[in-house]
Every structure is written in structure tokens, then in C-alpha cells.
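# Observations on the model geometry
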Amino acid sequence: MADTFKLTHENLDSLFAALRKDGRRILAPVDGDGRTELNEVEKPSQVAKGYIQTIMSAKDVVFPKVERLLSYTTAPGTVELHDAEPKALPTVLFGVRPCEAKAFGALDAVFNWDYRDKFFNARLEKMAVIGVSCLKADDACFCTSLGGGPADTAGSDILLTPIESGYLAEVLTVKGKAIQALAPNLFTPGNGVDKAAIAAKLEQAFDQPALTAKLPGMFENELWEDQALRCIGCGACAYVCPTCVCFDIQEEADPKQGQRLRCWDSCGFSMFTLHASGHNPRETQSARWRQRIYHKFSTYPERYQMLGCVGCGKCTRACPVDMNLREHLVEAANV
Amino acid sequence: MTEKNIYLPYLMRITKITEESPAVKTFRLEFVDEVAAQNFDFKTGQFGLYSAFGEGESTFCIASSPTRKGYIECTFREVGRVTAALADKEVGDIVGFRGPYGNVFPLEAWKGKNLVFIAGGIALPPLRSVIWNCLDLRDWFKDITVVYGARSVADLVYKHELKEWTERPDIKLVTTVDPGGETPDWTGKVGFVPPVVEQLGLSAENTVAIVCGPPIMIKLTLPVLEKLGFAPDQIYTTLENRMKCGLGKCGRCNTGSSYVCKDGPVYTLAQLNELPAEY
């Protein structure tokens, strides 16, 4: 059980100051150029209000778009290799939604099953999440269909739920307690607030366990082709997704030196699986769309005992051809 | 807490280059670092990612047998940016190697059985590792048969080893080239691999078949093996989906619930039948 407190608006101001004094940067949703994205802030007044989601996810805090894995210098007959160290800054992620907070678990599952990824781990270790519960949802949201919820605590170190005078603060983890310990007197005793009554209401759209159970049997269903007809394979869904982890490794070099970079990638791109021979195991866009669904809703549960989707709806909001993941999943669940 | 960088390759020196066929080369690679050389171990069936520094990494099997110590070998065809850069290398040059990755051919489980290897074109390298491994443990197995086909005589790889296998009494080698690919002095068969396999009169009893080749060869060979009485769990193959990490993370080689880099590259036909045909 989490320790529940109250955090007034004034005290949140002081908490931001305490976190910065502790040497941490605070990233939070900020309005600008007509969109809301994560940015570094100094005080709570800079944080966007009324947003449902940022467009981009917070995953680049632990899994940057481009990351150097190693570098080298070359001369005839010799190569000198240099290990790369991730520049992991102590970071507090403020104001991400419960769905996104939960998504770090899905990234962790991939980066650390069997081989451990030091780049991801160094950043994750230095990151703490102060999530903020949702008071509203839109028609792209479906966290409640995936076992999450607008005030779900999974993945947050502290979860704040807005109340009249400030926030209800649930201190959930060791990292959360460490933040509280920076300024313990800011956290005043919480009363018996009914969190569920405050948080957004979002009806469950489909039965996910039933969908996961039937996916292996509907691989050849023509539904995937129908749904993917308008997909243009732009990959926007993967780039905004908080759990999409597929990456490319690319070389950037001149004749004397170079570096090896890990870059975000998407299973929706036609070249993702293209063999050198010209053979492509997933030749059509519908096969690639199906892969996206199966990877998140069938492979993940089987391999990692969790879903590779948190129902945040970022992909739906970003899709230039209006593919709505929630609607497509409802359709699949109804087959 | 400092963790190891799993993307950091070993530095390897090229100590031998064999021109196998047009645009196909074999590199013998030795570890630059002696400690790494001593600690390195692999099993047949495993693969690695080979770097041409300046261009990137490519995935190939380890084509040599783990019974041959002190080096590894890889055989590749020049088809893209990395393989072109590798092909430009000379003896003494440095390349990178990450591995060994993936699962292995279950030689222990094959003890006391007949082995039939069926390979087409550039797909002999992964089987060459197993064949030499089995020849170096010859008394573990009964009859060893190799059927190897290529488009033309010039396209056959490991020509000197094919000659050695022909001369050895403890392995039966059948080579074939596609019609029109023969030369006047060609003494092997002329024809595609599947009918050649069919004509051999193989018995499926107490036998495993290890098949590797272009998709069309595999597609047409499997029905032949089934006709001969091979059950899906008696047939093995090794896949090579596109990979970037080899560590079960980058997502490229994923098919169904399987990661070719982790659960493969070695699969039985019985296992493949459970996966979508996305390989």
C-alpha cells in the first residue's frame, strides 16, 4: 500500500526547487508551437495545463532517438575501439500520464531479458517518475481495456491526483520516498480522498485477455489486410509510441574514425525485415501492421507476461491516415 | 554500477582469405586479444555479427567447426554495403565480431543416427560447421551423407573441401549443379537438389536431415523428405532473418513469438510449422 499525502500547489513549487537543488532536471509537458511536449522546466507554473497527452512519448529519456554505442579510430592494419558511456542525467519526469509511466516496464522487459543493456539501465536508474492522474480521456485512450487506468500507480514513483487545493500524493517506491525525503514537510497528511471519483471515466472497450487468447488462431484473417489498406507505412505510430523499442544500428564514419549509433526504427517500414538477397519475410504493409498488433498483444504476453501496449492512444492521435488502434482492436476482439 | 557494453565487438585479425566462387569469400579470423581468444567458445549452429569498421555490421553464421580451435571462419557473398567493405579487406586487416549468438545443432541428441545434410548455393557455410564438427566426432554417428547443389560449377563453395569429402570413406558427398551450369569435366550430377535427394534412396529410419538453402530449394525439398518418411522433428534447418543486435532486442528477426537470434537460428521443421512463415 502506498503512503498517501497531500501536496499543495505552493508545496509543489517548493518540491520543484528542492529537486533542482538536488541536481535533478525536471522534464514536464510544456505548451509551445501549438503542441504539448516534454521539456525542461524550473517551476510548476511552466507545466502545461489541460493536456491529455504529449504527442511524443517520454521513452527518449531512457532510450534516445539516437545513441552512440561505441566509437573507433582506424589506421591501416589497426582499429582502436572506444566504449561509449551514456550521459545519464538525474531526471525527474513530471506530469506523464499513468499509461506512459507503465510503459517503462515494457521497455525494461526487452532491454533486460537475457542480455542487459547498460545504456538503457544507466538512464533508467537516474530517472524518477512523478505521474499525474488523468481527469479526462479522449477517443484514442483505452488504458482501462489493458488493465491500466487514469489513476493507476504502476510505473510511477509518486503519483499525483489533482484535488482542489493541490494534489493527492501517493508515494509508491524507494525512488519516490527519496524524493519525499528531500523535503518531507511538504507532504502533509492525506485525507480519505476517493481517487476513483476524481479520475477520468473510461469504459473498457474490449476484452484484452480474450483477444490475446484468440490472436494465434486469426493470423490469416482478412481483417488485417482490411485494416491496413490505408496504412502508408510512415512509422509515426512507432515513433510516438512509449513502448515501441525496435531499433536500427547505423554507422557514421569517415576514413579515420567512426561511431556506431542505435536509432529508433519501426516494424512498419518496408525495409525493416528486407534480406540482403531481396527476400522480404513481411512483404506487404498488412503483414507489417499485423506484426505490430501481434508483437504487442501476443508476443509480449507470451515472452514477458505483460502487454507491449499501454493504451495511451498516441499512435492514433499521430496517425496521418486516422487509423484508430482502439477501434481496430475492438474489431479484432469481435471476430 | 558499470555494466558491460553488449554491443562492443571483439577485434579480429584476418589471417587467411579464400576466394570460394565469384563474389564469395571465406575469412579466417583470429582474436587480437589473447585473453579473449582463450575465453572464447561457441557451438556449431551459432552466428555472429561481423563489422567492417566504417560501414557497419552484417550477420553470418560461424562457418568453421568449434573443434578447430584458435580461429573462426565466415563465408559471405558481396551483396551490400558491409559485405562490399569486407570483401575489400586483406590479410592482416582488422574486422569486428560479436557473438556467438543463438542456439545450436543438438549433436548429442543425434548420437547413433545417420545424418543427411542438404544444402544449396551459399547455404553450405552454416552446414559446413556442423559437417566438420560431426566428422571430428565421427564415431558418434552412423552414415553421413551430404547433398550439395549450386547454380553452376563456379558457384560451388569450399571446392577443396568438397574434394576432401569425396576422397574420405566415412562421408558420402553428392554434388549437383543446375542444368546448364556444368562444365565439360564435371563429374557430379546435373539437376536441382530436390530430385537428386529423391533419387538417393535415403531411408528416414534413425536419420536426421539438416536442410539449408534458398527458400525455393527448401520449399521443394521438404515434400521429398516427407515422402521419404521424415517426420517434421527429424528435419532441421537454420534461418537467417535480418538482424541488427543479435541479442533479442532490436525486433527485426521476430517471427510469431520467436526471435530467430535467440530461439534460433536452428529450428526443426516441427518448430517452424508452429510459426508464421515470416522468414
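Refer to the structure presented above.
Let me sum up the structure you'll find in this document. (Residues numbered from 1 in each chain as written. Chains lettered and ligands numbered in written order. Predicted model: local features only at pLDDT ≥ 70, side-chain atom pairs only at ≥ 80, totals over all residues.)

### Regarding the interface of chain A and chain B
Of the residues lining the interface, 44 residues belong to chain A; the matching set on chain B comes to 35 residues. In terms of residue count, strand β11 (residues 247-253) of chain A provides more of the side of chain A that touches chain B than any other element does, 6 residues in total. Looking at the side of chain A that touches chain B, its residues break down into 21 nonpolar, 12 polar and 11 charged. (Contact = placed C-beta atoms within 7 Å. Helix = DSSP H or I, 4+ residues; strand = E, 2+ residues; numbered from the N terminus. Nonpolar A, V, L, I, M, F, W, Y, C, P; charged D, E, K, R; others polar.)

### A look at unusual backbone geometry
Note the cis peptide between Gly99(B) and Pro100(B), where omega equals 0°. With respect to the helices and strands, Pro100(B) occurs in strand β6 (residues 94-101). Phi is positive for Gln305(A), which is not a glycine, with a value near 55°. Among the structural elements, Gln305(A) can be located in the loop between α9 (285-304) and α10 (314-318).

### Details of the pairing of β6(B)
If a strand is regular, its side chains alternate between the two faces of the sheet. Residue and element names in this part refer to chain B. Of all 8 residues in β6, 8 are buried, a share of seventy percent or more. As defined by bridge partners, strand β1 (residues 10-21) adjoins β6 across 4 bridges and the pair is classed as antiparallel. Bridge pairing in β6 places Met-12 opposite Val-95. Across 4 bridges, strand β3 (residues 47-52) lies against β6 in antiparallel orientation. Bridge pairing links Phe-47 to Tyr-101 in β6. (Buried ≥ 20, exposed ≤ 12 C-beta atoms within 10 Å, placed from the backbone. Pairing = 2+ DSSP bridges.)

### What about the sheet that holds strand β4 (residues 56-61) of chain B?
In sheet architecture, strand pairing relies on hydrogen bonds along the backbone and comes in two forms, parallel and antiparallel. All names here are of chain B. Overall, antiparallel pairing links the 6 strands, which are arranged β4-β3-β6-β1-β2-β5 in an open sheet. One side of each edge strand has no neighbouring strand; the edge strands of this open sheet are β4 and β5 (72-77). Direction aside, neighbouring strands of the sheet carry axes that sit 40° apart on average. When β3 meets β4, the two strands line up antiparallel, connected through 6 bridges. Across the sheet, residue Phe-47 finds its bridge partner in β4, namely Cys-61. (Axes fitted to C-alpha atoms, helices over the stretch in contact; angles between N-to-C directions.)

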